[in-house]
Amino acid sequence: MGIASMGFGWNYGNRKQWETDCMIGYIPRHQTSRGKLTMTVKENYIPWSLTLYKGYSIEPLTASIYLNTVYGHEFWKTQPGRYPDKYYEFMSTKFRLNIALGQRFTRQIPLEKRKGCKSISLFYEISTCDLYIRSKIMDHDVPLKDIIGLSLGIKLQTL
């Protein structure tokens, strides 16, 4: 999703346990000549939320699935002709399907103190993508640390 991302989303379900987010992100220049934009569509499931103290809660489990793309000529949807037939049979470099598990700590801002922000959450997620899972299946010697990522973040809810 990039080093920073922003977007919009909505919560729904009987207990607002489902979230859909659409985000634009930025990946800074690193071993390439320029930075890149990303786009992500993410579905989150939060099975329960525990109130800790007035206005504070913890979501001890979040489960996510998301589709991510990176904009740039280096990424392709169908296999370029420079590779042998079916070399990258079904794996596009344009889109990645990701899964993640994590937790959140949330502070609801009291109505009288809100200045455009309804709540603020600190979160972490441990994630992987389809390409990494495939690599691990194809080569059992690939270390787990090479296919797992850690994301840390702050989520601001404005409405």
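Here, residues in each chain are numbered from 1, in the same order as that chain's written sequence. Where totals are concerned, whole chains, interfaces and linings use all residues; where local detail is concerned, this predicted model gives features only for residues with pLDDT of at least 70, and gives and counts side-chain atom pairs only at 80 or more. The basis for every side-chain value is the complete set of heavy atoms in the structure, and neither hydrogens nor water enter the calculation.

(A) Examining the overall build of the protein chain more closely. Each helix and strand in the protein chain was counted, giving one helix and eight strands. Buried residues in the protein chain amount to 26% of all 159 residues. All accessibility values rest on the Shrake-Rupley procedure with a 1.4 Å probe; residue burial counts only the protein chains present in the view. Of the roughly 11,200 Å² that the protein chain leaves accessible, carbon and sulfur atoms contribute 63%. What counts as a helix is a DSSP run of H or I of at least four residues, what counts as a strand is a run of E of at least two, and both are numbered from the N terminus. Residue burial is assigned from relative accessible area. The probe radius is 1.4 Å, only protein chains are included, and a residue is buried under 20% of its type maximum, exposed over 50%, and partly exposed in between.

(B) Inspection of the pattern of salt bridges at higher detail. Salt bridges are counted wherever a side-chain nitrogen of Lys or Arg sits within 4 Å of a carboxyl oxygen of Asp or Glu. Under the counting rule described, the total for this entry stands at six salt bridges. In this structure, Arg 104 engages Glu 19 in a salt bridge whose closest nitrogen and oxygen atoms are separated by 2.7 Å. Taken as a pair, Arg 104 in strand S6 (residues 95-108) and Glu 19 in strand S2 (residues 18-27) lie far apart in primary sequence, 85 residues in all. When its relative accessible area of 11% is taken as the criterion, Arg 104 is described as buried.

(C) Geometry of unusual backbone geometry. A positive phi is found at Lys 16, a non-glycine position, where the angle reads about 55 degrees. Relative to the assigned elements, Lys 16 resides in the loop between strand S1 (4-12) and S2.

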